[in-house]
Amino acid sequence: GIFFIINKSIESKISNSVVTFTEALSEGKRDIASQYVTEDSVSFLSFEELPQNQELMNTFVKYLYINKKKKKKDGDAAIVKAKISNKDFEKIMIKYMQEVVALSISSNDTEITDEELENKLLQYLKDQFDSQENEILTNEVNINLVKVDGKWKIIIDDNLRNGLFPGMLKIIESMGPQNPQ
C-alpha cells in the first residue's frame, strides 16, 4: 500500500540524484552536477573557468558510463551500488607526463609559444583518450548519498573518485602529498 509508494518515491529520488549527477558530469555541466553533491564534495568539480579546462573535463568524461545496480536506504543515508566504466587514467596520464617532458625538451630547441605547447598537449591527451590501445576499466562502486535539506546529495569519496577516473588517485599520490578534493 502506501508504504510501498513512499518507499518507491524515495528510491526514485535517490536514483534521480545519481542519474542527474552523472549525466551532468558526462556532459561537462559542472554547475548542475555540483547541485547533487555534498558541500564537502563540490571542490572535486571545481577548477578554473577556462575554455581548455572545460574541454579537458569533456575529454575526461567522454567514455564515462554508470550502470546502477542496487539501492539501499537507512534513514538519511543511502548507498547505490553501481558499475562505473571509464578510460584507464593511470595509463593515459603516465603517457601524457612523458609527452610533457618530451615536448618541453624539444620546445627549448624551437620557437613555440606557451599557447601552442598547451594546444599540442591537450590534443595529445584527447588522442590518448580516443586511442583503442587505452582500455576502458569497470569498477563496482558504492555511491554514498546523504539527505541534506530534503535532497539526496552524493558524497564524493576516494572510492567514487577512483570509479569515475580509474587510476587518477594513484597518479596524484605518486606526485606527492596533495589533497585530491
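Everything numeric here is computed off the predicted structure, so don't read it as measured data.

K.L.:
So what exactly am I meant to see when it comes to the nonpolar core here?
P.N.:
Looking at soluble globular proteins, one finds that nonpolar side chains tend to be buried together. Within the largest apolar cluster, 38 residues are counted, with the highest numbers of intra-cluster contacts made by I84, I143, L145, I154, L164 and F165. Leave out the neighbours within four places in its chain, and L145 touches I14, S17, V18, D76, A77, A78, V80, W152, K153 and I154.

K.L.:
Could you clarify how one ought to interpret the pairing of strand β3 (residues 136-148) in this entry?
P.N.:
As a general feature of sheets, a regular strand has side chains that alternate between the two faces. Sheet analysis places strand β2 (residues 77-87) next to β3, joined by 11 bridges and oriented antiparallel. Paired with A77 across the strands is V146, a residue of β3. Alignment of β3 against strand β4 (residues 151-155), held across 5 bridges, turns out to be antiparallel. Of the residues in β4, the one forming a bridge with V146 is K153.

K.L.:
How should I be thinking about the layout of surface pockets in this particular structure?
P.N.:
In this approach, a probe sized like a water molecule rolls over the atoms, and the result shows the empty space that is left. Of the pockets and cavities examined, the second largest pocket occupies roughly 160 Å³. The set of elements that each furnish at least two residues to the lining of the second largest pocket consists of α1 (2-26) and β4. In terms of residue count, β4 provides more of the lining of the second largest pocket than any other element does, 3 residues in total.

K.L.:
It is not clear to me how the packing of aromatic side chains should be interpreted in this structure. Could you clarify?
P.N.:
Ring pairs (aromatic) are described by centroid distance and by the angle formed between their planes. Going through the model one piece at a time under the given rule, you end up with 5 aromatic pairs. Here the aromatic rings of F60 and F89 are separated by 5.0 Å at their centres, their planes lie at 70°, and the arrangement is edge-to-face. Of this pair, F60 sits in helix α3 (residues 51-61) while F89 sits in helix α4 (residues 89-109), and the two are 29 residues apart along the sequence. Classification of F89 as buried rests on a relative accessible area of 0%. Pairwise contacts between aromatic rings join F60, F89, F129 and F165 into one cluster. The ring of Y63 has K87 lying over it, and the distance from NZ or CZ to the ring centre is 4.8 Å.

K.L.:
Would you mind going over a nonpolar patch on the surface with me for this structure?
P.N.:
On the surface, I94, M97 and M175 cluster together into a nonpolar patch covering about 260 Å² of accessible area. Checked against the element boundaries, I94 lands in helix α4.

K.L.:
What's the story with the pattern of salt bridges in this structure? I'm lost.
P.N.:
Once their charged atoms are close, side chains differing in charge can pair, the charge on each being opposite to the other. Under the criterion given, the structure shown has 4 salt bridges. D130 is the salt-bridge partner of K62, the closest N and O atoms lying 2.8 Å from each other. One end of the pair, K62, is in the loop between α3 and β1 (65-74); the other, D130, is in helix α5 (residues 114-130), with 68 residues separating them in the sequence. Relative accessible area serves as the criterion here: at 33%, D130 is assigned to the partly exposed category. A salt bridge links D158 to R161, with the nearest nitrogen and oxygen atoms 2.9 Å apart. Note that D158 and R161 are positioned in helix α6 (residues 158-164) at a spacing of 3 residues, about one turn of the helix. Among the residues examined, D158 registers a relative accessible area of 43% and is labelled partly exposed.

K.L.:
Honestly, unusual backbone geometry in this entry has me stumped. Any pointers?
P.N.:
You will see that D149, though not glycine, has its phi angle at about 50°, which is positive. Looking at the element boundaries, D149 is found in the loop between β3 and β4.

Rules and cut-offs
- Residues numbered from 1 in each chain as written.
- Predicted model: local features only at pLDDT ≥ 70, side-chain atom pairs only at ≥ 80, totals over all residues.
- Heavy atoms only, no water.
- Core = buried A, V, L, I, M, F, W, Y, C linked by side-chain atoms within 4.5 Å.
- Buried < 20%, exposed > 50% of the residue type's maximum accessible area, 1.4 Å probe, protein only.
- Contact = heavy atoms within 4.5 Å.
- Pairing = 2+ DSSP bridges.
- Helix = DSSP H or I, 4+ residues; strand = E, 2+ residues; numbered from the N terminus.
- 1 Å grid on protein atoms, 1.4 Å probe; cavity = no way out; pocket = protein on both sides within 12 Å on 5 of 7 lines; lining within 4 Å.
- Points joined across faces, edges and corners; volume = space filled by probe spheres on them.
- Phe/Tyr/Trp six-rings, centres within 6.5 Å; stacked < 30°, edge-to-face > 60°.
- Lys NZ or Arg CZ within 6 Å of the ring centre and 35° of its normal.
- Patch = residues over 30% accessible without salt bridge, like charges linked within 9 Å, V, L, I, M, F, W, Y side chains within 5 Å.
- Areas by Shrake-Rupley, 256 points an atom, 1.4 Å probe, with all protein chains shown as cover.
- Salt bridge = Lys/Arg side-chain N within 4 Å of Asp/Glu carboxyl O.

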